[in-house]
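# Observations on chain architecture
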Amino acid sequence: IIGAGPAGITASIYAARKRLDFVTISKDIGGQAVWSGEVENYTGYQLISGAELMLKFEEHMKSFGLSVNTPEQVEDLRRNEELFEVQTDKTKYPSRTVLIATGKRSRRLEVPGETEFCNRGISYCATCDAPLFKGKNVAVIGGGNAALDAVLQLMKFCPKVYLVDFTERLAADPIMVEKVSAASNVEIMFSAQVKKIHGNRFVQGMDIAVGGQEVSLDVNGVFVEIGLMPNSDFAYIIEKNAIGEIEVDCFNRSKTEGIYAAGDVTSVPEKQIIVACGEGAKACLSAFRYLSTHRY
């Protein structure tokens, strides 16, 4: 099992229950879910932070005596005769099946100043960095759930929060849109495109284009929440869609026999913690069925 976010941890628990001989490897534990602020839509918890929820997941996994080989980065996946071979930055793992649950990573703006001011005013995680910007004006780039989650956190610390979205309508859940729209210190800017981020040692402003006119925002922080990219670069032997997600069927089978995938790294719609958990369980059960019906 590659990955230890919601999908990978759930798959590991199911694998333990099925008494499979397996190992879980990951660069971290919790994945993107750790950085979620307030989680209100995971069944059984009216309100819990992403970090707290992932601690619960890890505790559940440890109750089965399981551990994760971490930090370990997968670099290659190939077939070697009858076995697959997973190459990491530390060692090689031979396996009859592979379950990929590596999730996604933050998409970058790719504008002037982004690289220069990364971690000097530019952040990709409001949960991590929001308190650092107390008393400062900030901008959040994006219009989905992640972007509005960032706004909801930042507006508690910052006198002014600009929400900059390149579309004409926010794509986040209506309840989040209502909360953000009602906030007196939040200004939403639609059809806006980031042109440049500038400053001295740290961010001091951002230039955007709105309706053909360039506008300069006086901000000391820029939070980039424009989506995620699948962590599937190592999986050369697997068929992916146009954006790099691993194509899977309803049994979580990839188009390479013996390889399964679950969670945000796949083509399954709706990237949610609870969806990833269900997909991780399905993928593990499918792998178990495959191993149970094939002779070696």
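Refer to the structure above for everything that follows.
Residues numbered from 1 in each chain as written. Predicted model: local features only at pLDDT ≥ 70, side-chain atom pairs only at ≥ 80, totals over all residues. Heavy atoms only, no water.

### Some remarks on the pattern of salt bridges
For side chains bearing opposite charge, pairing can occur when the charged atoms are close. Going through the model one piece at a time under the given rule, you end up with 11 salt bridges. Between Lys 92 and Glu 85 there is a salt bridge, with the nearest N and O atoms lying 3.9 Å from each other. Between Glu 279 and Lys 282 there is a salt bridge, with its nearest N and O atoms 3.2 Å apart. Here Lys 282 and Glu 279 lie together in helix α6 (residues 273-293), a separation of three residues that amounts to about one turn. Several salt bridges share partner residues, and in doing so they unite Lys 104, Glu 245 and Lys 271 into one network. (Salt bridge = Lys/Arg side-chain N within 4 Å of Asp/Glu carboxyl O. Helix = DSSP H or I, 4+ residues; strand = E, 2+ residues; numbered from the N terminus.)

### Section: empty space enclosed by the protein
Following the criterion strictly, the structure yields one cavity of 30 Å³ or more and no others. Computed from the structure, the largest cavity encloses a volume of approximately 30 Å³. Every residue lining the largest cavity is listed: Gly 263, Asp 264, Val 268, Pro 269, Glu 270, Lys 271, Gln 272, Val 275, Ala 276 and Glu 279. (1 Å grid on protein atoms, 1.4 Å probe; cavity = no way out; pocket = protein on both sides within 12 Å on 5 of 7 lines; lining within 4 Å. Points joined across faces, edges and corners; volume = space filled by probe spheres on them.)

### So, the packing of aromatic side chains
Between two aromatic rings, the relevant description is the distance of the centres plus the angle of the planes. According to the stated counting rule, one finds four aromatic pairs in the structure shown. With 6.3 Å between their ring centres and 70° between their planes, Tyr 260 and Tyr 290 make a pair best called edge-to-face. Of the two residues, Tyr 260 is situated in strand β17 (residues 259-261) and Tyr 290 in helix α6; the sequence distance between them amounts to 30 residues. Its relative accessible area of 3% is what places Tyr 260 among the buried residues. Judged by relative accessible area, Tyr 290 falls into the buried class, the value being 14%. (Phe/Tyr/Trp six-rings, centres within 6.5 Å; stacked < 30°, edge-to-face > 60°. Buried < 20%, exposed > 50% of the residue type's maximum accessible area, 1.4 Å probe, protein only.)

### With respect to the sheet that holds strand β10 (residues 161-164)
Read from one edge to the other, the open sheet built from five strands follows the order β8-β15-β9-β10-β11, with strand pairing classed as parallel. Every other strand in the sheet has two partners, leaving β8 (122-123) and β11 (186-189) as the edge strands with one partner each. Pairing of strand β9 (residues 138-141) with strand β15 (residues 221-224) involves four bridges; the strand directions are parallel. Looking across to β15, one finds that Val 140 is bridged to Phe 223. (Pairing = 2+ DSSP bridges.)

### Topic: the sheet that holds strand β4 (residues 83-88)
Ordered by their spatial adjacency, three strands build an open sheet running β3-β4-β5, and the pairing between neighbours is antiparallel. Each edge of the sheet is formed by a strand with only one pairing partner; in this case those strands are β3 (74-80) and β5 (92-95). Averaged over all pairs of adjacent strands, the angle between their axes in this sheet comes to 20°, without regard to strand direction. Judged from the six bridges that link them, β3 and β4 form a sheet pairing that is antiparallel. The residue of β4 that forms the bridge with Asn 80 is Leu 83. (Axes fitted to C-alpha atoms, helices over the stretch in contact; angles between N-to-C directions.)

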